[in-house]
Structure formats: structure tokens, C-alpha cells
Amino acid sequence: MTSQPRLVLAGGSGFLGRAVARHFAALGWDVLTVSRSPSAVPMPGRWERWDGLRQGEWSREIDGAAAVLNLAGRTVNCPYNAQNMLDIYTSRLDTTRALGTAIRDAATPPPVWLNSSTGTIYRSAQTPQTEAVGEIGDGFSVDVGQRWEAALMEGELPHTRRVALRTAMVYGLGADGVMATTDPLMRLGLGGPMAGGAQYVSWIHERDFCRAVEFLIGNDLSGPVNLSAPHPLPNRDFLRAYRHAWGMPLGIPSTAGLIGLGARVMNSEAELLLKSRYAVPERLLKAGFQFEFPAWPGAIAALVAEVREVGHAAR
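Here's what I pulled together on the structure shown here. All values reported here derive from a predicted model rather than from experimental measurement. Along each chain, numbering runs from 1 in the same order as the chain's sequence is written. Only residues with pLDDT of at least 70 are given local features in this predicted model, and only at 80 or more are side-chain atom pairs given and counted; all residues enter the totals for whole chains, interfaces and linings. Hydrogens and water molecules were not included; the side-chain quantities draw on all heavy atoms of the structure.

Overview of the overall build of the chain
Phase 1 of the analysis: For the chain, the count of helices and strands is 11 helices and 11 strands.
Phase 2 of the analysis: Taken against the 2.2 N^0.38 rule, which gives 20 Å for 315 residues, the C-alpha radius of gyration of the chain at 19 Å falls within 12% of a compact globule.
Phase 3 of the analysis: For the chain, the spread of C-alpha atoms along the three principal axes comes to 60 × 40 × 40 Å.
Phase 4 of the analysis: The buried label applies to any residue whose accessible area, calculated with a 1.4 Å probe on protein chains only, is under 20% of its type's maximum; exposed applies above 50%, and partly exposed to all values in between. Buried positions account for 53% of the 315 residues belonging to the chain.
Phase 5 of the analysis: Restricting to contacts in the chain with at least 6 residues of sequence separation, those with at least 24 account for 78%.
Phase 6 of the analysis: What sets the accessible areas is the Shrake-Rupley method with a 1.4 Å probe; for residues, cover comes only from the shown protein chains. When the accessible area of the chain is evaluated, it comes to approximately 13,900 Å², of which 56% is carbon and sulfur surface.
Phase 7 of the analysis: Note on charges: Lys and Arg go in the positive column, Asp and Glu in the negative column, and His and the chain ends are not counted at all. Every charge is mapped onto a representative atom, which is NZ of Lys, CZ of Arg, CG of Asp or CD of Glu. Seen as two clouds, the 30 positive and the 29 negative side-chain charges of the chain have centres 4 Å apart. Numbering of helices and strands runs from the N terminus; a helix is a DSSP stretch of H or I covering at least four residues, while a strand is a stretch of E covering at least two. The atom set for the radius of gyration is the C-alpha atoms, and the globule formula is 2.2 Å times the number of residues raised to the power 0.38. Any two residues whose heavy atoms approach within 4.5 Å are treated as being in contact.

Considerations on the pattern of salt bridges
Phase 1 of the analysis: Note on definitions: salt bridges are taken to be side-chain nitrogens of Lys or Arg within 4 Å of carboxyl oxygens of Asp or Glu. According to the stated counting rule, one finds 16 salt bridges in the structure shown.
Phase 2 of the analysis: Here Arg-18 ties to Asp-176 by a salt bridge, and the two come within 2.9 Å at their closest N and O atoms. Of this pair, Arg-18 sits in helix α1 (residues 15-26) while Asp-176 sits in the loop between β7 (169-171) and α5 (178-187), and the two are 158 residues apart along the sequence.
Phase 3 of the analysis: For Arg-18, a relative accessible area of 2% gives the class buried.
Phase 4 of the analysis: For Asp-176, a relative accessible area of 47% gives the class partly exposed.
Phase 5 of the analysis: Among the salt bridges present, the one from Glu-61 reaches Arg-46, with a minimum N-O distance of 2.8 Å. Placement of Glu-61 in the loop between α2 (57-60) and β4 (67-70) and of Arg-46 in strand β3 (residues 46-49) is noted, with a sequence separation of 15 residues between them.
Phase 6 of the analysis: When its relative accessible area of 16% is taken as the criterion, Glu-61 is described as buried.

Overview of the packing of helix α7 (residues 235-245) against helix α11 (residues 296-310)
Phase 1 of the analysis: Where α7 meets α11, the axes come as close as 9 Å, and the angle between the chain directions of the two elements is 35°. The crossing of α7 and α11 is right-handed. From α7, Phe-238, Ala-241, Tyr-242 and Ala-245 reach across to α11, where they touch Trp-296, Pro-297, Ile-300, Ala-301, Val-304 and Arg-308.
Phase 2 of the analysis: Here the term charged refers only to Asp, Glu, Lys and Arg, the term nonpolar to Ala, Val, Leu, Ile, Met, Phe, Trp, Tyr, Cys and Pro, and the term polar to all other amino acids, Gly among them. Along the lines of polarity and charge, the residues of the contact of α7 with α11 split into 9 nonpolar, no polar and 1 charged. Only the stretch in contact is used when a helix axis is fitted, and all axes are lines through C-alpha atoms; the angle between N-to-C directions ranges over 0 to 180 degrees. In this scheme, a crossing is called left-handed if the near helix is turned counterclockwise away from the far one by less than a right angle; it is called right-handed if the turn is clockwise.

Overview of the side chain of Ser-13
Phase 1 of the analysis: Turning to its location among the elements, Ser-13 is positioned in the loop between β1 (6-10) and α1.
Phase 2 of the analysis: One polar contact links the side chain of Ser-13 to the main-chain carbonyl oxygen of Ser-37, over a distance of 3.5 Å.
Phase 3 of the analysis: Ser-13 has contacts with Arg-18, Thr-33, Ser-35, Ser-37, Pro-38, Ser-39 and Met-43, leaving out every residue within four places of it along the chain. Residues adjacent in sequence count toward polar contacts only when both atoms are side-chain atoms; beyond that, a polar contact is any pair of N or O atoms within 3.5 Å, and within protein one must be able to donate a hydrogen and the other to accept it.

Without other data, these values stay purely geometric and don't point to any function.
This is the structure in C-alpha cells:
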């Protein structure tokens, strides 16, 4: 009898980690989540405590694992003050380096290590940003992405293929997912164009994120890979489709100044809404990956139908 392939899922106790754990558990994988605290919502597989820095019992599970996926990192949905910026850096760089050490020391290292990066590594753009021709931007968020990817590539790991997942905003159901916050705004008619709505929105459905991870484990791609749906769209069109899915014809627009004020009140950053993100998954498409949800209107209609049926908290 063949033993189950093992996925070590670092920092996987949140919305996205739960989606990945469900996906791979359904495929028959042994899923081990390592994180500072267990998920607030039940999820399949096993769990080990990890402070995101030290080696320990969790690192023994790296030996013989079929794949490692690192999703660890403090949320960027916060004010960019000195302490939060330090926490954002260390929560990404320290965990990545600790995983690299565990993989290096393993007798049978995993053949593939997928590590989170960010689609916001590209400049604010109105034209497609692919892995080959995308232009790296500047500023704090971009620097985080560059340092994160550099930490992934540190050291010699001759038996492990490394993939940097330049991930767009992931939309799916979950008590702590982005839709749990944005759905009430759409239903109240507050989802109008933001600062004119010309800035592009890159996004990906949670099922396509999980399927892309599965695809990349079985493929031979390495280096940066954009995990985003192939059809980004302007903020005004993105929000129009979102409102339509909820049957809300009204969308009150907001200015850049109002968004900045709201971000301060909500302890967030206006950049998260105002930067134009136009990431296109050229490498995935060329490798033959087929999106289940390539276009936003169909994706958000399916998600809203699921919310109506089961609610957010169920996942």
C-alpha cells in the first residue's frame, strides 16, 4: 500500500490555508499545518505549533514530504508604521529562512517548495505585467516582495525546486477572507468606483489558487509565477460585477481623499485600494494550466451563490 503524500503547510491556519488543506485532503494527501496557533475554524489534517522561527518537531515532517507550501506572513492590512513594517518583514523573512534550513537539513528533502510572494511586486500599471516583462515597482510593499523572494532563493538546495507565488487577491468563502469584509459593503450600495475606478484589479478564485498549487507541484516550473486570473479589470468594472452579483444597482463612488480617510479609520493603507495591479499569469497559461474561473463576473456570481447557500462562517 502506497503511503499518502505529505504536504507541509506553513502559516496555514487562516482562510487561504484552510482552502488548501481541504483541497489536498480531498485528494488523499496527509496535510500538516504548522502555525503559531490552530485555526479558529475546523480544518482537515494535522497541526503542529511553530513560532515561525525555530526548528522543532515540525521540521522533522519536512523530511520525506512531497511538497512544502509557505503562506506565513503578517497581514498587510494595517497602517505602515515602524512596528508593523518590521513585523511584516520578519514574519515573512524569518519563516522563509527557517523553512530553508529545515529543507537543507532533511535527509530526504521535498522535491518542491512553494513560497508566497505578492502580485504587488510589480509597478502600478495599466498594461499587463507578466513574469517575463513585468516591471518591478518601488516602495515598501515592493521591497517586501523582493526581499521575500530573495530569502526563498538563499543557499543551495540542489534537490528542491523553488517557486515564488506572486499571488493576487484571493476571493473565496471564509470567516476571515476578504469577502467577509467586502460583501456587506456591496449589499449596502457602498461599492461604487474608487478614485475614478481606472486602476486595475488582479484577483484569483480560491479554487483556482488551490488547483494552481497542485499543478505547480506536478509541473517543473521554478522561480516567480503569477497566481492571478488571466483577465484583470478596472476597479469600476470589478465593482459593478460584484454589485450585480448581489443584485445591488446602486454603487456610491468614493474619492481618493475619502479612501485615505477611511483607511486611517480602519487602520489600513489606501494603497491597497488605489494601486493599479495588472498581473497576468503568462507562465501558468503557457504551461497548460486551465482556469476554472478565468473571468470575474462568473467567479463572483458563483461565490455569491455559495455565500447565499452556506454563509461565510461555514468555512
